Amino acid sequence: MLIGIAAAAVLTAAFCLLRLAAVRREVRSFAAQLGRYNRHETASKLSVGLSDRATEALAVEINRHTELIAEANAERRRTEDELRQAVANMSHDLRTPLTSISGYIQLLESRELSAEERRAALEVVKKRTNRLQALLADFFELSVIESVDYALKPERVALHKLIPEILMGFYDSLNEKGLNPTFELTEEAVDIYADESAVRRVVENLMQNAIRHAEGELIVTLSRTERHAAFTLSNAAPGLKGTNPELLFNRFYMADRSRSGSGSGLGLSIARGLMLKMGGSLAAKLQGDNLVMRCEWERI
Amino acid sequence: MNEYVLRTRGLTKRYKNQLALDSVDLAIRQGAIYGFIGQNGAGKSTLMKLVTGLAFQTSGTIELFGETGEKELIRSRKRMGVAIETPALYPSMTARENLEAHRLQRGIPGKDCIARTLELVGLEGTGRKTARNFSLGMKQRLALGVALLGDPEFLILDEPTNGLDPMGVVEMRELLQKLNRERGITILISSHILSELDLVATYYGIIHRGKLLEQMTAKELREKCRHYLHIKVDEPQRAAAVFERELATSEYEVMADGVIRLYAHLENPARVSRALVESGLEVEQFMPTGEDLESYFTARIGGGKHV
Amino acid sequence: MSNLIRSEWYKLTRNRSFWLILAALFLSAVVYCFMTYLDDPSDGGALDATSGLDMLRSAMGGNTYIIKIGLCVLAGFFVSSEYSTGTMKRAVSSGYSRSRIIVAKMLVFIGGSVLVALVFPVLCLAIGSLLFGGGSLPDVSAAEYVIRCLGLTVTLSAGFAAIVALIAVIFNDSGKTIGIGIIFFFFIDGVFVMIGNHLPFVLKIYEYSLLNEINHYADTAMASRDAVLSAVIPVATAIVFVALGVYAFRRKEIK
């Protein structure tokens, strides 16, 4: 009996010692692997060599940590690329109007022009200058909106009153474009907590964009669900078929690359920036040939 | 870290009386997608087998992640993910079990990676279906999943698009590009169809009958294919002489209909045309022209009809 | 190494033929015991076991075939099939040395084989003891006999498994492995005896080899020296054949 117990004790002790040695070896192996990783000799993650839950869990967490670092590096690379691209795009956007301005100035300097021609040339220069100004203003606004310190002044906003009022302001330009939109605006109270001028800006930008690009049908709706208020614009946009509508919010994306139109192309980026700042959302979807822009706020 | 992930020097493999690889010097840079092009039996798989340690070279050396020693090579292979030839799967296991067996073998900690990998290759919904009952496309994707398990730094894929439908080929391409871009994985991918790797590979190696004919960047390849001067003159032979003597080049082909393709002096076609006219040749057609990748490849391995 | 063993074990427990063989053995043990139980020896029945130990002894006799044939089948589907499915490529290119890969595979195969070899005798002993009672044997105590039988089953099946595993490592195809393995065991005894008739020392080798030992491993009367030899020689054989497997596998090109 005694011998049995003694033997069992010895066996248990031996097992524990062996186990301890195995765990120590595993930990040493982790250290060696991490060392190689930290010395940039390898980019591979930890692998385990022992069937042990605790050390395996440790390895999982270490690998997650490594992954986070790798992700952060990738993110940094991405933002650097984006910034570089942004600067390149911006200079491209500024170059075209500037080239045209300097061309007209040369024209004005060099030739004997009639008063009529002179006025026309100056008119062009003025228009281009205005465009440059608008572009720069939008760039600036966007950078302000996207900066961390930018704060809105939220208050109670009655969308059911505010939105019809904003839409009224587009009466003329809608007529001019020959658009005959359908309005489906709820009459029930839709109250949200937001910055009124930001809401105004978002709706205006979306309307401007729709008026600029819409062909034929345009449906404007304001609706409420149990928890959300939604403002949507839907218009036919056959030209966008097969593209990712989310690209529209990219600040350097324009369906026509030349940016020859009057807009800076930043209206949608600004609208989205403002919506996010207000805690709402702005999404674009293609439903058949229709482009649907949808703003959502939480109701109060 | 090492600039080259894989380098071979004078790599030769002889099977009995057949030379499968003939002194191949291959170099794959960190972060590259290396498109390895050759017909079936050209030696693509043989090279991959030597690199992965499945077969042994007759002579030459292999350097993986800067290591050449036998032991170090074996250890370096832990950093690779491999899918060679037919999808290597356990037929009576499900997708999940196949990955689990591999996870245990590689000592990859945590089971989360299995679900993530299944999702990555689009097999998350296969449930209890065993690999035996997979379509070839699904098998290919599972084999890719196995290769990707444990986030390798270097991926070796032998004809991974075999058996995939055209949509699948596009998806595979996009996946590989994403892995390369986001995780910086270096990829060696073989195919017998050059155009399949077009837009994916950043480097190309063309192998034919065991010889590495050419190694170049995608840009160089595009330059090479896109440009030659399409020239038709009344006496092609004399034109050939003019090229050799006046322009000191032999980089041209004479086509069956007497049209000459000149691959040199592309930057200065005026000089070419002047040389031709000054030699009293009647130039009927003269235009810079492109060639698609596939015909370039065919031309390269077709024994080179360069005069 | 432990990773490789874990992985191989995982694969073994998901290997269909492994479970099929275990299930078949389980079934045949049950059927065999009940047939013996229902068959009345005094009525001219051929099955004359009257105790658990009797059952064990007759099970041990049948088990020699199970070891030889069953293991060939298992080796074909667990080892050789890795070549044909291409999964061996996965293992070899995974950054482990070839020796470790094949040692892990052979060890797990040997472990699985031992299990397969134990199922039939253990079940027959257990079910037989339930049906007839334990019983006793003339030359040896019950406990000693049971331990010796099962112990030798373990060592001998391990030895045979190593031999089969080597065949499986050499051939690339499950069918070939199974066929050649079975033919090998079918003729090898005869070959040894035939050569032994001319060269006595070959006969001597045969007598001490596990090929001969398996014919006597269920004897009730066994000198302790023989028992020890029957335990040691198969283990030594297993080690030698694993080493041969390593040697063969290290220079094998995986197609």
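The rules behind the values
- Residues numbered from 1 in each chain as written.
- Chains lettered and ligands numbered in written order.
- Predicted model: local features only at pLDDT ≥ 70, side-chain atom pairs only at ≥ 80, totals over all residues.
- Heavy atoms only, no water.
- Helix = DSSP H or I, 4+ residues; strand = E, 2+ residues; numbered from the N terminus.
- Buried < 20%, exposed > 50% of the residue type's maximum accessible area, 1.4 Å probe, protein only.
- Contact = heavy atoms within 4.5 Å.
- Areas by Shrake-Rupley, 256 points an atom, 1.4 Å probe, with all protein chains shown as cover.
- Lys, Arg positive; Asp, Glu negative; His and termini not counted.
- Charge placed at Lys NZ, Arg CZ, Asp CG, Glu CD.
- Pairing = 2+ DSSP bridges.
- Axes fitted to C-alpha atoms, helices over the stretch in contact; angles between N-to-C directions.
- Domains from an automatic or database assignment.
- Patch = residues over 30% accessible without salt bridge, like charges linked within 9 Å, V, L, I, M, F, W, Y side chains within 5 Å.
- Salt bridge = Lys/Arg side-chain N within 4 Å of Asp/Glu carboxyl O.
- Parallel < 35°, antiparallel > 145°, perpendicular 65-115°, else oblique.
- Nonpolar A, V, L, I, M, F, W, Y, C, P; charged D, E, K, R; others polar.
- Core = buried A, V, L, I, M, F, W, Y, C linked by side-chain atoms within 4.5 Å.

### Focus on the overall build of chain A
A count of helices and strands for chain A gives seven helices and seven strands. Across the 300 residues that make up chain A, the buried fraction comes to 36%. For chain A, contacts bridging at least 24 residues in sequence account for 70% of all contacts bridging at least 6. Accessible area for chain A stands at about 18400 Å²; split by element, carbon and sulfur atoms hold 57% of it. One way to put it: in chain A the 39 positive side-chain charges average out to a point 7 Å from where the 40 negative ones average out.

### Brief notes about the overall build of chain B
A tally of helices and strands in chain B yields eleven helices and 14 strands. By its C-alpha atoms, chain B is 75 × 40 × 40 Å across when sized along the principal axes. In chain B, which comprises 307 residues, the proportion classed as buried is 53%. As presented, chain B carries roughly 13700 Å² of accessible surface, and 48% of it is formed by carbon and sulfur atoms. Averaging the coordinates of the 41 positive side-chain charges in chain B and doing the same for the 40 negative ones gives two points 8 Å apart.

### Here's the deal with the sheet that holds strand E6 (residues 281-287) of chain A
Residue and element names in this part refer to chain A. Pairing is mixed in the open sheet, where five strands are placed in the order E2-E4-E5-E7-E6. Strand pairing shows two members of the sheet lacking a second neighbour, strand E2 (182-185) and E6, which therefore form its edges. When the angles between neighbouring strand axes are averaged without regard to direction, this sheet yields 10 degrees. In terms of strand pairing, strand E4 (residues 218-224) meets strand E5 (residues 228-236) through seven bridges, oriented antiparallel. Each residue of the ladder has a partner; that of Leu218, found in E5, is Asn235. Seen against the sheet, helix H4 (residues 159-168) touches E2, E4, E5 and strand E7 (290-298) and runs at an angle of roughly 165 degrees to E4. Contacts between helix H6 (residues 196-213) and the sheet are confined to E4, E5, E6 and E7, with E5 contributing the most and set at about 15 degrees to the helix.

### Digging into the domain arrangement of chain A
How big an interface is tends to be stated in terms of the accessible area lost upon association of its parts. According to the domain assignment, chain A consists of domain 1 (2-73), domain 2 (74-146) and domain 3 (155-298). Computed from C-alpha atoms alone, the centre-to-centre distance between domain 1 of chain A and domain 3 of chain A is 56 Å.

### Topic: a positive patch on the surface
Residues A:Arg24, A:Arg25, A:Arg28, B:Lys78 and C:Arg100 make up a contiguous surface patch of positive charge. Looking at the positive patch element by element, the count peaks at three residues for helix H1 (residues 2-38) of chain A. In this structure, A:Arg24 sits in helix H1.

### A closer look at the packing of helix H3 (residues 95-106) of chain B against helix H1 (residues 2-13) of chain C
Two elements in contact, H3(B) and H1(C), have axes separated by 6 Å at closest approach and are oriented at 160 degrees. Of the possible angle classes, the one that applies to H3(B) and H1(C) is roughly antiparallel. Here B:Glu97, B:Glu100, B:Ala101, B:Leu104, B:Gln105 and B:Arg106 of H3(B) lie close against H1(C), whose contacting residues are C:Asn3, C:Leu4, C:Arg6, C:Ser7, C:Tyr10 and C:Lys11. Among the residues making up the contact of H3(B) with H1(C), the classes are represented as four nonpolar, three polar and five charged.

### Some thoughts on the domain arrangement of chain B
Entries for chain B in the domain assignment read domain 1 (4-215) and domain 2 (228-289). Taking only C-alpha atoms into account, the centre of domain 1 of chain B sits 43 Å from that of domain 2 of chain B.

### Things to note about unusual backbone geometry
Residues and elements named next belong to chain B. Within the chain, Glu85 stands out as a residue other than glycine whose phi angle is a positive 55 degrees. Positionally, Glu85 belongs in the loop between strand E6 (80-83) and H3. Under the relative-accessibility criterion, Glu85 is labelled partly exposed at 34%. Phi is positive for Asp151, close to 45 degrees, though the residue is something other than glycine. Relative to the helices and strands, Asp151 is located in the loop between helix H5 (136-148) and strand E7 (154-158).

### Concerning the nonpolar core
One recurring pattern in soluble globular proteins is that nonpolar side chains are buried together. In this structure, B:Leu6, B:Leu26, B:Phe154, B:Leu188, C:Phe109, C:Phe160 and C:Phe249 are the most contacted members of the largest nonpolar core, which totals 103 residues. A total of 17 residues in this core trace back to one element, the largest contributor, which is helix H5 (residues 98-132) of chain C. If we skip the residues at most four places from it in the chain, C:Phe109 touches C:Leu71, C:Leu74, C:Ala75, C:Phe78, C:Val79, C:Ala161, C:Val164 and C:Ala165. Of all hydrophobic cores here, the second largest spans 53 residues; its members include A:Phe170, A:Val220, A:Ala237 and A:Leu274.

### A few points about helix H1 (residues 44-52) of chain B
Residue and element names in this part refer to chain B. Within H1, nine of the nine residues are buried, which leaves it mostly tucked inside the rest of the structure. When H1 is considered as a whole, its buried residues turn out to be Lys44, Ser45, Thr46, Leu47, Met48, Lys49, Leu50, Val51 and Thr52. Phi turns positive, to about 85 degrees, at Gly53, one or two residues after H1.

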